[in-house]
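Each chain is listed here by its residues.
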Amino acid sequence: MSEETVDVLIIGSGHSGGMVAKILTEKGINCLMLNAGPVADPHKDAEVKPTYALPFRGFKQPGILPHVFQANEFNANTWVDEKEVPYTCDAEHPYNWVRVRLFGGRSLFWSRQSFRLSDYEFKGKTHDGYGDDWPISLKDLGPYYARVEEIFRVTGNQDGLPQYPDGNFIPDDSPWSTSMQRFAAAGKAKGVPVCKARSAQGVDGLASSVNLLLPDAVKTGKLKAIPNVVVRELSVDKNTGLVNEAHFVDRLSKREMSVKARVVVLAAGTLESTRLLLNSKLANSSGVMGHYLIDQVYGPGMVCSVPDARDRKGTREIMGGSGIIPRFRNIETKEKNFLRGYALNIYSNMGGVSPHYFAAYGAELQQKLDSYYGSTLSAGIMGEVLARYENHVSIDKVAVDAWDIPALRIQTKYTDNEFNMARDAVDAATAIAEGAGFEVLVKNYEPNPPGYSIHELGTCRMGDDPKTSVLNKWNQSHDIKNLFVVDGSSFVSAGWQNPTMTILSLAMRAAEHLAEQMRQGNV
Amino acid sequence: MRRRDFVKGILAASAAAKAMSAQQAAAPGAQATPPAASPAMPPQGPVAPGPMPWNRGLLEAPQLGLRTLVPDAVAETNAHFFNQTQTATLRRLCALLMPPLKGFPGALDTGTPEFLDFLIGASPRRQQLMYKSGLDWLDTEAKAKFAMTFENTTDTQADALIRPWLRIWMTDHAPTELHAAFINQVHSDIRTATMNSQEWSDAQLAAGKWRDGYDLYWYPVDPNLHDEPNAVLGRPAMPVAPAPHA
């Protein structure tokens, strides 16, 4: 049994855990990081192969990862196996919990879309009366966003829209193709802004914890890490009430072990951090832990064709590039059948077109695929899901994972607000496309199951009132002052924005607060 | 710290044991008898029978340079999931929906019916039922409308049965109506299995086109030692996890 007590124990190695490790170690604080999965080495663990050489010819192995729509036969082994780490939900209300336990977590695989939340999100209740405001505003988080944007090398334009806050961006000077220009002009005519997207360039395209954050922590010599250990529960000192120990199990041998810590930072990902706290029966005097699970609506959208790019006339001048329609509903006006808003990702595509867009087969289909090749432009929604108490997670009474750790039960569903928003988004995109003179090929109004966006948020929401929130505005437990939760579980509302920049900024802010509290001897 | 001192002791003992082991290996005919246990030396693990360590020379062996094949290049899949009529219907669908075109192979040329027999045979029951009932339905329709099996329908007759159910749809949102679900799924699967075949890839090469379908394949990374959940060592056994949505 080790007698050592680590200064700060960080559970999770993704964006939030990596950021905390970087900040704390650079301030001279010793950290131990635990990660539930192994360290992946693409040079050893991966190989470029043709689809025909795969065991299932590119079809995902039947029966595996039924809730991971993003999985294919190439990447199936990078996702968490749903049999190894199961969860339960009502059959009529499925939830797609999409997880990665490799070292670096989901920061290894993400879309790089990099947005700030605006005060339409931070102060949503003030704006429209629904839900709760965050205990912080854009002004509080702005300086941290700026530093994160610099680390992640975010490209973008300064658009001057309050709902799409500007930031510390590398200017995006790339010209738009004429298809994007036409779409933007048609949007403008309808009062809908179409802007350049904002994207983390990282280094060599990788914008992960493992290449942008953890190397700085490693350099200090203050970070130790253990892969392949699954934390079962946390325990507290009965005298002080402070968390002081983590009990974990070796993923491969199933050996049970424990480590003592002065401070514990949970960065395991929204639902895993909450699962750990619920299993530990800690930090929930408010009773709201596990509640207000939110995410974002993905799936609805439309695909159209740019006529003058058909029949192989789609040059780079005409096609290619991307943009975004930031939220434009419920800013100055009030929609009748939904609150909040959505954004639309716009892609002008120079490649092949899906055969699903044509009710044809054989030679007839091939003729259409040839004709429409390189001429499509698509729009897909990123819509805000309202925070609701009844959308929640709890510990399943029966199911356990491969290490006998009780599994999570997820009970959540979309309501008319999300369905109406989705319909509005598709209709708005369609109207703009038609206004631009494009031919709409296909539309979909049906949202993907909750969770699909991989933007699960909430369940340990932050707030000023310990009776209605789990964390304070520093991502610190109201109940246990040496316990911090720095992943997306602290979110009060989801917004439409990819949450990564906000998670990173909150983690940076929380880590600096923690370091100062440790320096002052308060933690 | 006591633990650190202990660890240093273990490391020193381990180094001594390695040195001794090396001496024994260097002495021809030396007995592989473990030395008497001492407090500073952990007991040796079991050794392989025979005079040579089993892994000797593996790291030094030259790369084989063997060009390996995928089985489909030289062998056929033994199809056995669908019955004879269903197989005939599926083959007819393959010929109709994905014929050879412009120098590219058709579904029958790429072993697609046999591959789908394997794939659907390994799939969850719901998928199997959709396929079997869909193939049976097509054959029944052909008999009812044209007094012949679907296998023997002309292109015009087959088109009359299939076209009403063709839909347009976006990824992850395939049609859900009974017959449309089957027709559009089988169409999609036939196309995918055909275009993901080596024959298709070779045809792209022959046509001077970019061979798509190459990507980074991830092997299992540190796979678990146990596929099935079992009791954690030292903890009381608990119920096995049911599948999600159970």
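What counts, and where the lines are drawn
- Residues numbered from 1 in each chain as written.
- Chains lettered and ligands numbered in written order.
- Predicted model: local features only at pLDDT ≥ 70, side-chain atom pairs only at ≥ 80, totals over all residues.
- Heavy atoms only, no water.
- Helix = DSSP H or I, 4+ residues; strand = E, 2+ residues; numbered from the N terminus.
- Contact = heavy atoms within 4.5 Å.
- Buried < 20%, exposed > 50% of the residue type's maximum accessible area, 1.4 Å probe, protein only.
- Axes fitted to C-alpha atoms, helices over the stretch in contact; angles between N-to-C directions.
- Parallel < 35°, antiparallel > 145°, perpendicular 65-115°, else oblique.
- Nonpolar A, V, L, I, M, F, W, Y, C, P; charged D, E, K, R; others polar.
- Salt bridge = Lys/Arg side-chain N within 4 Å of Asp/Glu carboxyl O.
- Pairing = 2+ DSSP bridges.
- Phe/Tyr/Trp six-rings, centres within 6.5 Å; stacked < 30°, edge-to-face > 60°.
- Lys NZ or Arg CZ within 6 Å of the ring centre and 35° of its normal.
- Lys, Arg positive; Asp, Glu negative; His and termini not counted.
- Core = buried A, V, L, I, M, F, W, Y, C linked by side-chain atoms within 4.5 Å.
- Buried area = accessible area lost by both parts, 1.4 Å probe.
- Polar contact = N/O pair within 3.5 Å; in protein donor to acceptor, adjacent residues only side chain to side chain.
- Arc of directions from axis to C-beta.
- Left-handed = near helix turned anticlockwise from the far one by under 90°.
- pLDDT = per-residue confidence, 0-100.
- Disulfide = S-S within 2.5 Å.

**Digging into the overall build of chain B**
Counting its secondary structure elements, chain B contains 7 helices and 1 strand. In chain B, the order of α-helices and β-strands from amino to carboxyl end is α-α-α-α-α-α-α-β. Long-range contacts, defined here as pairs at least 24 residues apart, represent 55% of the contacts in chain B between residues at least 6 apart.

**Comments concerning the side chain of A:Thr430**
All names here are of chain A. Within the fold, Thr 430 resides in helix 11 (residues 416-435). Take Thr 430: its relative accessible area is 5%, and that puts it in the buried class. When neighbours within four sequence positions are excluded, Thr 430 is seen to be in contact with Met 302, Val 440 and Lys 443.

**Things to note about the packing of helix 2 (residues 84-97) of chain B against helix 5 (residues 155-162) of chain B**
In helix packing, the relevant descriptors are the interaxial angle and the interaxial distance, both defined with respect to the helix axes. Residues and elements named next belong to chain B. For the pair helix 2 and helix 5, interaxial distance at closest approach is 11 Å and the crossing angle is 95°. The pairing of helix 2 with helix 5 is recorded here as roughly perpendicular in orientation. Across the interface between the two elements, Arg 92, Leu 93 and Leu 96 of helix 2 pack against Asp 155, Ala 158 and Ile 162 of helix 5. Split into classes, the residues belonging to the contact of helix 2 with helix 5 amount to 4 nonpolar, no polar and 2 charged.

**Considerations on the pattern of salt bridges**
Pairing of side chains with opposite charge becomes possible as their charged atoms draw close. All names here are of chain A. Going through the model one piece at a time under the given rule, you end up with 39 salt bridges over all chains. Arg 232 serves as the salt-bridge partner of Glu 256, at 2.5 Å between the closest nitrogen and oxygen. One end of the pair, Glu 256, is in strand 11 (residues 256-266); the other, Arg 232, is in strand 9 (residues 229-236), with 24 residues separating them in the sequence.

**What to know about the pairing of strand 9 of chain A**
All names here are of chain A. Among the 8 residues that make up strand 9, 6 are buried, leaving the element largely enclosed by the rest of the structure. Where strand 9 meets strand 10 (residues 243-250), 7 bridges bridge the pair, whose relative direction is antiparallel. Bridge assignment links Val 231 to a residue of strand 10, and that residue is Phe 248. The loop that links strand 9 with its antiparallel partner strand 10 comprises 6 residues; one of these, Gly 241, has a positive phi angle of about 75°.

**A look at the packing of aromatic side chains**
Applying the stated criterion to the full structure yields 23 aromatic pairs over all chains. Each ring, one from A:Phe115 and one from A:Trp496, has its centre 5.2 Å from the other, and the planes form 55°; the classification is tilted. Pair noted here: A:Phe115 is in the loop between strand 4 (87-89) and helix 3 (119-122) and A:Trp496 is in the loop between strand 20 (483-485) and helix 12 (500-519), with a separation of 381 residues, a long-range link. A relative accessible area of 0% means that A:Trp496 is categorised as buried. Through successive ring pairs, a cluster of aromatic residues spans A:Phe56, A:Phe59, B:Phe115 and B:Phe118. The ring of A:Trp97 carries the charged tip of A:Arg99 above its face, separated from the ring centre by 4.2 Å.

**Things to note about the sheet that holds strand 5 (residues 154-156) of chain A**
All names here are of chain A. Strand order in the open sheet made by the 3 strands is 6-5-7, with mixed pairing throughout. Since the sheet does not close on itself, it has two edges, and those belong to strand 6 (170-171) and strand 7 (199-200), each with one partner. Bridging between strand 5 and strand 7 involves 2 bridges; their strand directions are antiparallel. Note on strand 7: the bridge partner recorded for Thr 155 is Ser 199.

**Concerning the sheet that holds strand 17 (residues 392-400) of chain A**
Residues and elements named next belong to chain A. Pairing within the open sheet is mixed, and its 3 strands lie in the order 4-18-17. At either margin of the open sheet sits one strand with a lone partner, and together these are strand 4 and strand 17. Each neighbouring strand pair of the sheet contributes to a mean axis angle of 35°, computed without reference to strand direction. By the bridge criterion, 3 bridges tie strand 4 to strand 18 (residues 406-411) in an arrangement that is parallel. Residue Tyr 87 lies in a different strand from strand 18, and its bridge partner there is Leu 408.

**Considering the side chain of B:Arg191**
Along the polypeptide, B:Arg191 turns up in helix 6 (residues 178-195). For the buried B:Arg191, which has no salt bridge, the nearest side chain bearing the opposite charge is A:Asp370, at an N-O separation of 8.5 Å.

**Let's talk about the nonpolar core**
Ranked by size, the top nonpolar core spans 92 residues in total, and within it A:Val8, A:Leu9, A:Phe152 and A:Leu234 carry the most contacts. Tallying contributions element by element places helix 12 of chain A first for this core, with 11 residues.

**Remarks on unusual backbone geometry**
Negative phi is the rule for most residues except glycine; trans is the rule for most peptide bonds. Residues and elements named next belong to chain A. A positive phi angle is found at Asp 204, which is not glycine, with a value near 55°. Secondary-structure assignment places Asp 204 in the loop between strand 7 and helix 7 (209-212). Take Asp 204: its relative accessible area is 81%, and that puts it in the exposed class.

**Topic: the interface of chain B and chain A**
In this assembly, 69 residues from chain B lie in contact with 85 residues from chain A. Surface buried jointly by chain B and chain A totals about 6,700 Å² across both partners, of which 60% is contributed by carbon and sulfur atoms. Between chain B and chain A we count 3 salt bridges in total. In this structure, the salt-bridge partner of B:Lys102 is A:Asp370, at a minimum N-O distance of 2.7 Å. Our count for the chain B to chain A interface comes out at 23 residue pairs in polar contact (both at pLDDT 80 or more). Secondary structure elements with two or more residues in the side of chain B that touches chain A: helix 1 (2-26), helix 2, helix 3 (112-121), helix 5, helix 6, helix 7 (198-206) and strand 1 (214-218) of chain B. Of the residues forming the side of chain B that touches chain A, the biggest block, 6 residues, is contributed by helix 6 of chain B. Each residue belonging to the side of chain B that touches chain A can be placed in one class, and the counts come to 36 nonpolar, 17 polar and 16 charged. With 5 bridges connecting them, strand 3 (residues 46-50) of chain A and strand 1 of chain B associate as antiparallel partners. Paired with A:Val48 across the bridge in strand 1 of chain B is B:Leu216.

**Description of helix 5 of chain B**
Counting along an α-helix, one turn takes 3.6 residues, and residues three or four places apart therefore face a common direction. All names here are of chain B. Listed in full, the buried residues belonging to helix 5 are Gln 157, Ala 158, Leu 161 and Ile 162. For helix 5, the buried positions fall inside an angular range of 130° around the axis, keeping them on one side. Taken together, the buried residues of helix 5 touch helix 2, helix 4 (125-146) and helix 6.

**Considerations on the environment of A:Pro86**
Residue and element names in this part refer to chain A. Inspection of the secondary structure puts Pro 86 in the loop between strand 3 and strand 4. A residue is classified by how much of its surface remains accessible, and Pro 86, at 2% relative accessible area, is buried. Between the C-alpha atom of Pro 86 and that of Ala 402, which follows or precedes it by 316 residues, the distance is 8.5 Å.

**Focus: the packing of helix 6 (residues 178-189) of chain A against helix 11 of chain A**
Residue and element names in this part refer to chain A. Two elements in contact, helix 6 and helix 11, have axes whose closest approach is 8 Å; the angle formed by their N-to-C orientations is 115°. Put simply, helix 6 runs roughly perpendicular to helix 11. The crossing of helix 6 and helix 11 is right-handed. For the pair helix 6 and helix 11, the contacting residues are Phe 183, Ala 186 and Gly 187 in the first and Ala 429, Ile 432, Ala 433 and Gly 435 in the second. A per-class count over the contact of helix 6 with helix 11 returns 5 nonpolar, 2 polar and no charged.

**Here we look at the confidence of the model for chain B**
Here chain B averages 81 in pLDDT, while 71% of its residues score no lower than 70. Taken as a whole, residues 1-37 of chain B scores under 50 in pLDDT and shows 16 contacts with residues more than four places along the chain or in a different chain.

**Comments concerning the state of the cysteines**
This model, assessed by the stated rule, comprises 0 disulfides over all chains. Counting only cysteine sulfurs, A:Cys89 is the nearest neighbor of A:Cys460, a cysteine outside any disulfide, at a range of 20 Å.

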